[in-house]
Amino acid sequence: MVGKKVVHHLMMSAKDGHYVGDLVNGARIVNQWGDVGTELMVYVDGDISLFLGYKDIEFTAPVYVGDFMEYHGWIEKVGNQSYTCKFEAWKVATMLNQTDADMTGIAHTAATACEPPVLCGRATGSLYIAKKDQRGPQESSFKDAKHPE
């Protein structure tokens, strides 16, 4: 890993529901990874970058309205102008009605922590910063990030 891991926290709201049963579209996860990748690029080379694409996107568990999510990202490799990043999406809390819990006499607003957190997705992404726009590490944990000569 180059530098530190970036983590964004977000609750899935009613506007994120896309399918029957308040299921959230997997594209919502991918969208959030884009923001995580942008933050990583600001830290490593001082530019918001271009996102070239993803490979090996895998959705491993459903995400629902009301879920509290963590979106993790880190840089695996620094190239001449490209960066290979890994991304994960973790469910850290969920609405109780999305579990096997008996809801008798319990408010519909009841929620619970996911212990352990549930991996909902993972992917590899490639980002790009032109050589002329690379300003070097902007955050101390990225000070050892080196481009190949």
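This section reports on the structure supplied with the text. Worth saying up front: this structure is predicted, and the values here are computed from it rather than measured.

**Observations regarding the pattern of salt bridges**
Here comes step 1: Tallied over the full model, the rule gives 7 salt bridges.
Here comes step 2: Residue Lys 4 is joined to Glu 139 by a salt bridge in which the shortest nitrogen-to-oxygen separation is 3.4 Å. Of this pair, Lys 4 sits in strand E1 (residues 2-11) while Glu 139 sits in the segment after strand E7 (111-128), and the two are 135 residues apart along the sequence.
Here comes step 3: For Asp 133, the salt bridge goes to Lys 132, with nearest N and O atoms at 3.2 Å.
Here comes step 4: When its relative accessible area of 72% is taken as the criterion, Lys 132 is described as exposed.
Here comes step 5: Here the residues in one salt-bridge network are Lys 15, Asp 16 and Arg 28, joined through shared partners.

**Quick notes on the side chain of Glu 88**
Here comes step 1: Relative to the assigned elements, Glu 88 resides in strand E6 (residues 82-95).
Here comes step 2: Although Glu 88 is buried, it makes no salt bridge; Lys 5 carries the closest opposite charge, 4.7 Å away.
Here comes step 3: Within the structure, Glu 88 has its side chain in polar contact with the side chain of Trp 90 (distance 2.9 Å).
Here comes step 4: Those residues in contact with Glu 88 that lie beyond four places of it in its chain are Trp 33, Glu 70, Tyr 71, His 72, Trp 74, Leu 119, Gly 121 and Arg 122.

**Focus on helix H1 (residues 26-45)**
Here comes step 1: For H1, built from 20 residues, the straight-helix expectation of 28 Å at 1.5 Å per residue is met to within 8% by its first-to-last C-alpha distance of 29 Å.
Here comes step 2: The buried count for H1 comes to 14 of 20 residues, which makes it a mostly enclosed element.
Here comes step 3: Its side-chain oxygen placed 2.9 Å from the backbone nitrogen of Ala 27, Asn 25 serves as the N-cap of H1.
Here comes step 4: The positive-phi residue at the C-terminal boundary of H1 is Gly 46, with phi of around 65°.

Calculation rules
Residues numbered from 1 in each chain as written. Predicted model: local features only at pLDDT ≥ 70, side-chain atom pairs only at ≥ 80, totals over all residues. Heavy atoms only, no water. Salt bridge = Lys/Arg side-chain N within 4 Å of Asp/Glu carboxyl O. Helix = DSSP H or I, 4+ residues; strand = E, 2+ residues; numbered from the N terminus. Buried < 20%, exposed > 50% of the residue type's maximum accessible area, 1.4 Å probe, protein only. Lys, Arg positive; Asp, Glu negative; His and termini not counted. Polar contact = N/O pair within 3.5 Å; in protein donor to acceptor, adjacent residues only side chain to side chain. Contact = heavy atoms within 4.5 Å. Expected span 1.5 Å × (residues − 1).

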